[in-house]
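This is what each chain is made of:
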There are 2 protein chains.
Amino acid sequence: MPDAPKNDRFLRALQGLPVDRTPVWIMRQAGRYLPEYRETRKQASDFMTLCSTPELACEVTLQPLQRFPLDAAILFSDILTIPDAMGLGLYFSEGEGPKFKHPLQDENAIKQLPIPDPESELRYVMDAVKLIRRELDNTIPLIGFSGSPWTLATYMVEGGSTKTFSVIKKMLYQQPECLHQLLEKNTTAIIRYLQAQTAAGAQALMLFDTWGGVLTPTAYQTFSLNYMQQIVHALKENTDTRDTPIVLFTKNGGQWLNLIADTGCDAVGVDWTTSLRIARLRVQDRVTLQGNLDPSVLHASPEAIQTEVANTLADYGYGHRHIFNLGHGIQPQTNPEHVAAMLEAVHQLSPQYKKSNA
Amino acid sequence: MPDAPKNDRFLRALQGLPVDRTPVWIMRQAGRYLPEYRETRKQASDFMTLCSTPELACEVTLQPLQRFPLDAAILFSDILTIPDAMGLGLYFSEGEGPKFKHPLQDENAIKQLPIPDPESELRYVMDAVKLIRRELDNTIPLIGFSGSPWTLATYMVEGGSTKTFSVIKKMLYQQPECLHQLLEKNTTAIIRYLQAQTAAGAQALMLFDTWGGVLTPTAYQTFSLNYMQQIVHALKENTDTRDTPIVLFTKNGGQWLNLIADTGCDAVGVDWTTSLRIARLRVQDRVTLQGNLDPSVLHASPEAIQTEVANTLADYGYGHRHIFNLGHGIQPQTNPEHVAAMLEAVHQLSPQYKKSNA
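Just so you know, the residues in each chain are numbered from 1, in the order the chain's sequence is written. Here chains are named by letter from A upward and ligands by number from 1 upward, in the order in which they appear as written. Owing to the predicted nature of the model, reporting of local features is limited to residues with pLDDT of at least 70; listing and counting of side-chain atom pairs is limited to 80 or more, with chain, interface and lining totals taken over all residues. No hydrogens and no water enter the side-chain calculation; it runs on all heavy atoms of the structure.

## Examining the nonpolar core
- L179 and M342 of chain A together with L179 and M342 of chain B are the most contacted members of the largest nonpolar core, which has 260 residues in total.
- Only heavy atoms enter the contact rule, under which two residues are in contact if any of them lie within 4.5 Å. The contact partners of L179 of chain B, leaving out residues within four places of it in the chain, are W150, A153, I168, M171, L172 and F223 of chain B. Working definition of a nonpolar core: buried Ala, Val, Leu, Ile, Met, Phe, Trp, Tyr and Cys residues. They are joined through side-chain atoms within 4.5 Å. Only protein chains enter the accessibility calculation, which uses a 1.4 Å probe; a residue is then buried when its area is under 20% of its type maximum, exposed when over 50%, and partly exposed in between.

## Quick notes on helix α15 (residues 302-316) of chain B
- For helices the rule is a DSSP run of H or I covering at least 4 residues; for strands it is a run of E covering at least 2, with both sets numbered from the N terminus onward. Take the number of residues in a helix, subtract one, and multiply by 1.5 Å to get its expected span. Over its 15 residues, α15 of chain B runs 21 Å from end to end, which matches the ideal 21 Å to within 8%, given 1.5 Å per residue.
- Those residues of α15 of chain B not exposed but buried are A304, I305, E308, V309, T312, L313 and Y316 of chain B.
- Its buried side turned inward, α15 of chain B meets α10 (166-174) of chain A together with α14 (276-283), β8 (288-293), β9 (322-326) and α16 (336-349) of chain B.
- A positive backbone phi angle near 85 degrees is found at G317 of chain B, which sits one or two residues after α15 of chain B.

## Thoughts on the state of the cysteines
- Note on disulfides: each one is a pair of cysteine sulfur atoms within 2.5 Å. Considering all chains together, one arrives at zero disulfides over all chains under this definition.
- The thiol of C51 of chain A is unpaired, and the distance to the nearest cysteine sulfur, on C58 of chain A, comes to 14 Å.

## Points about unusual backbone geometry
Residue and element names in this part refer to chain A.
- Backbone torsion omega between G291 and N292 reads -5 degrees, so that peptide bond is classified as cis.
- Structurally, the position occupied by N292 is in strand β8 (residues 288-293).
- You will see that N252, though not glycine, has its phi angle at about 60 degrees, which is positive.
- When you line up the elements, N252 lands in the loop between β6 (246-250) and α13 (257-261).

## Observations regarding the pairing of β9 of chain B
All names here are of chain B.
- By the criterion of burial, β9 is predominantly enclosed, with five of the five residues buried.
- Strands were regarded as paired on the criterion that DSSP finds at least two bridges between them. Sheet topology places β8 next to β9; five bridges connect them, and they run parallel. The partner of G291 across the bridge, within β9, is F324.
- One crossover worth recording links β8 to the parallel β9 by way of α15, and it is right-handed. For a crossover, the right-handed case is the one in which the path from the first strand over the helix to the second runs clockwise, viewed with the strands pointing away from the viewer.

## Overview of the packing of helix α9 (residues 149-158) of chain B against helix α11 (residues 176-200) of chain B
Residue and element names in this part refer to chain B.
- The interhelical angle for the contact between α9 and α11, taken along N-to-C directions, is 120 degrees, at an axis separation of 9 Å. Classified by the interaxial angle, the pair formed by α9 and α11 is oblique. For the pair α9 and α11, the sense of crossing is right-handed. Residue-level contacts link P149, W150, L152, A153, M156 and V157 of α9 to L179, L182, L183, N186, T187 and I190 of α11.
- For the contact of α9 with α11, a count of residues per class yields ten nonpolar, two polar and no charged. Here, axes are lines fitted to C-alpha atoms. For helices the fit covers the stretch in contact, and angles between N-to-C directions go from 0 to 180 degrees. Any angle that falls under 35 degrees is termed roughly parallel, while one over 145 is termed roughly antiparallel, one within 65 to 115 roughly perpendicular, and all others oblique. For any pair of crossing helices, the crossing counts as left-handed if the nearer helix is rotated counterclockwise from the farther one by less than a right angle, and right-handed if it is rotated clockwise. Amino acids outside the nonpolar list (Ala, Val, Leu, Ile, Met, Phe, Trp, Tyr, Cys, Pro) and the charged list (Asp, Glu, Lys, Arg) are all regarded as polar, and Gly is one of them.

## A look at the sheet that holds β8 of chain B
Residues and elements named next belong to chain B.
- If you trace the seven strands from one edge of the open sheet to the other, you get β1-β4-β5-β6-β7-β8-β9, paired in parallel fashion. Sheet topology places β1 (73-74) and β9 at the edges, where each strand pairs with a single neighbour.
- The pairing of strand β7 (residues 267-269) with β8 spans three bridges and is classified as parallel. Pairing of V268 across the sheet is with L289, part of β8.
- Across the sheet, α14 is in contact with β8 and β9; its angle to β8 comes to roughly 160 degrees.

This is the structure in structure tokens:
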């Protein structure tokens, strides 16, 4: 790799190459649990301004790296930038999460949905990626990302967060072709978006399928995994992106890890409801596993955190295809000192699992 | 059975005896989706008054049976009656779900927690059971129920609903013995409560472990399943309850169905994220399976509903140990006519799976 970062543990683990210890990063590592993030947040009138101002997005991306010895940076952005660029009008209402001013109401709205050009309509993301890469100066790799086609669709059709997914599931069961049209558009948009992020400097990619786990096994394969697979194939067939490792993560997708690994992705995210030992049996070391400490463990004492880190590392066992992470995003109320305790435990306890060739 | 109901399909399926068609009932079948329920609800000043007035609880329990050809009735009550009887002060705030005035703050509060006498402090539940049994007049069986020890504990410690379970998980990882004390008390209280429900006339029992699925596999076994198993054992060892079948249901527990079946329960509830075919392989026909249509399917057209019912029945396949149900409670916005379509499909399509001895 021409621009290999000095710390290449994360990229090596993604490729299944030997590492001295388990690489570690944290989902939502740049976020509200950090006081410095909350300070920067005040400079932006709203959350989307923070995401769409490259200097601010770069600043918050770098904050956790200045504090903690992490092995990867991840672009600070939102999973809903694509539907926003499609004209749905993303906004964040206090305490209610993301919402769209113009949710998709019918088949006609889906038919008319434009596929955004990432280089112009999502330029702010590419500018942030370039700026972050420059600031990182090849110390550690930068991860780019997108929401999965299905996960984006849930927000686009429901108009925001939902507990029951009743509107999109009505579409799924009653007008499946209509939903497929939407998922195809999302898939095309995501492929272009991830290609553009890679061109701008992202060194690994991750698809967040936050809501694939609310589907039946059949619906998951048809309406979520199928489209993630198309994305993996498109990226692996393109000479500009084929060497960029891609991680797929379906929250509550523990029962389908073997199917996820079958897509040809390089790594699979695992939440804490599946043990890494079982996960490893399911994927048969074809892919790297990323996870899976319960984020709530970080509310316990540093001693308890160390015990749970030890359990997680032992659960994966000997081998080089493990990237330590939480099983979901870090919670806003987390004490940063407890994050430091977690990282210290990974640093101290993981080298023993790299000494064997097993 | 001395008081066997005329329609004994549900009880026969629980025992693995041949049935002419798949029995069916619906979790939360007495509830807000029924206009007659909403009318009765107005007669009570709050939700707990509805639950604790035997005449009203009986009335709403019977409402779905007057409308639909269901194979079982389930006591109308709340899963949090036990902690309420322990003095935690259950109330329902509009749109926020159940809350406790006095959540458990520390080990001392847990130590002082009394175990309620169901015959006096939960007398209103037993009175409702007796009244419902009298009104049912042995037409169909009545199911009694409780929340699981862990599920009750989440509300008791968090003080209400939660997305992250951060308070109780902090206790779990940092003061596990303290949590075990609470779970032991809940277990004792639940055993007495279910024994009293059986004595009052409940003909089957169900434990709702709504939140077991938010735990790691190890924590699930230690802090949820372990205590459900104690309840099953206690009920099976007691001559008054040993013939009363018991159903365990852990939402998002699809990966642990074999462990749940190992408790000695008679049936296991399955949500829609696990296929019944896989579920059946996991439990090896040791237990009856109950489920698992996605409640959101009921928002689709009657034709789509019929297709999904057909898929669910085919997924279980030939055999007598299936009880049709939703994979979780019916949603308040559901159209009752769509429920009728679902039941009609079960009635029409399930007899074919009972003709073989396979």
